[in-house]
Amino acid sequence: MSVLGGSIHGPVVAGRDLKKRYGDGPTAVDALNGVTIELEKSSFTAIMGPSGSGKSTLLHLLAGLDRPTSGEVWLGPTKISALGDADVTRLRRTRVGFVFQTFNLLPALTAEENIVLPLRISGAELEPQWFERLIAAVELGDRLRHRPAELSGGEQQRVALARALITRPAVVFADEPTGNLDSGASEVVLTMLRDAVDKLFQTIAIVTHDPLAAAHADRVVFLGDGRIVRRDTRLTPAQILDALKALY
């Protein structure tokens, strides 16, 4: 099933008037309250805000991991918020990549096997040239036969990034991708995310609490109490920190 509309030349991902309520009655919690956002092709967006501001909820809705209480989510010309669970799952396998704070690698598989796993699940063919370009980009050429336990945290996250990109997705979502890394490994991963946009023409959106991470993005979107309260482009870490302080 596909629910089509709009233009294929529009944003890669769009959320329109998104609302998400948990619970009912007087104990209900509005995690999002009327958020509209677009992710353009080859863009890098950082989503920030205090704890409970709705940033992870927004990422999950845009990625099709959860459904809005009301509003629409579009992936290109497809209205994914109107699809059934099975159709959304099939769409995510090839059109959406994910990078998580905890890496989510399968311990029994090598780095290479983890990277190509999405292709095996979807039944798609491996493109050797794309694979080689990807491995060069994440600098894992000499680590492909190692299992996750034999890799550093930074190397594991680079495996996760390559896995997210292997299907040539329309968009990659990353939830606190540097949260478990030291400063050196974080900088390497963030530079590779930036390069994925600039050199591989990928669209990336991350949720982060780290101003240094957000400063790598083209645009920073700040949430507060379930609403977008500020949007800015190309901010420095100091400017991002000041913006965050104003939300507390």
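Given the structure is predicted, the values throughout are model-derived calculations rather than measurements. (Residues numbered from 1 in each chain as written. Predicted model: local features only at pLDDT ≥ 70, side-chain atom pairs only at ≥ 80, totals over all residues. Heavy atoms only, no water.)

Enquirer: So what exactly am I meant to see when it comes to the overall build of the protein chain here?
Expert: The secondary structure content of the protein chain amounts to 8 helices and 10 strands. Relative to the 2.2 N^0.38 estimate, which gives 18 Å for 248 residues, the radius of gyration of the protein chain is 18 Å and therefore close to what a compact globule would have. With respect to the three principal axes, the spread of C-alpha positions in the protein chain is 55 × 45 × 35 Å. For the protein chain, with 248 residues in total, the buried portion stands at 49%. When contacts within the protein chain are restricted to residue pairs at least 6 apart in sequence, those whose partners lie at least 24 apart make up 70%. Of the roughly 11800 Å² of accessible surface on the protein chain, 51% is carried by carbon and sulfur atoms. Measuring between centres, the 28 positive side-chain charges of the protein chain sit 4 Å from its 29 negative side-chain charges. (Helix = DSSP H or I, 4+ residues; strand = E, 2+ residues; numbered from the N terminus. Rg over C-alpha atoms; globule rule 2.2 N^0.38 Å. Buried < 20%, exposed > 50% of the residue type's maximum accessible area, 1.4 Å probe, protein only. Contact = heavy atoms within 4.5 Å. Areas by Shrake-Rupley, 256 points an atom, 1.4 Å probe, with all protein chains shown as cover. Lys, Arg positive; Asp, Glu negative; His and termini not counted. Charge placed at Lys NZ, Arg CZ, Asp CG, Glu CD.)

Enquirer: Is there a simple way to explain the nonpolar core in this structure?
Expert: One broad trend across soluble globular proteins is that nonpolar side chains are buried collectively. By size, the foremost hydrophobic cluster in this structure holds 47 residues, and its most contacted members are Ile115, Leu193, Ile204, Val220, Phe222 and Ile240. Once residues lying within four places of it in the same chain are set aside, the contact partners of valine 220 are Ala46, Met48, Ala214, Arg230, Arg231, Asp232, Leu235 and Ile240. (Core = buried A, V, L, I, M, F, W, Y, C linked by side-chain atoms within 4.5 Å.)

Enquirer: Just to check I follow, could you spell out the sheet that holds strand 2 (residues 29–39) for this structure?
Expert: By way of backbone hydrogen bonds, the strands of a sheet pair with one another, either parallel or antiparallel. The strand order across the open sheet formed by 4 strands is 2-1-4-5, and the pairing between neighbours is antiparallel. In this open sheet, the two strands that pair with only one neighbour each are strand 2 and strand 5 (78–79). With 5 bridges connecting them, strand 1 (residues 13–22) and strand 4 (residues 70–75) associate as antiparallel partners. Paired with valine 13 across the strands is leucine 75, a residue of strand 4. Packing against the sheet, helix 1 (residues 55–62) makes contact with strand 1, strand 2 and strand 4, and its axis sits at approximately 125° to strand 1. (Pairing = 2+ DSSP bridges. Axes fitted to C-alpha atoms, helices over the stretch in contact; angles between N-to-C directions.)

Enquirer: What exactly am I supposed to notice about the sheet that holds strand 8 (residues 204–207) here?
Expert: Taken in spatial order, the 6 strands make up an open sheet running 6-7-8-3-9-10, and their pairing is mixed. With partners counted over all chains shown, the strands left at the sheet margins are strand 6 (96–100) and strand 10 (227–233), one partner each. If you compare each strand with its neighbour and ignore which way they point, the axes differ by 20° on average. Bridge count for strand 3 (residues 44–48) against strand 8 is 4 bridges, and the pairing is parallel. The residue of strand 8 that forms the bridge with threonine 45 is alanine 205. Relative to the sheet, helix 5 (residues 153–165) contacts strand 6 and strand 7 (171–175), its axis offset from that of strand 6 by approximately 170°. Helix 6 (residues 183–198) rests against strand 3 and strand 8 of the sheet, and its axis sits at about 155° to strand 8.

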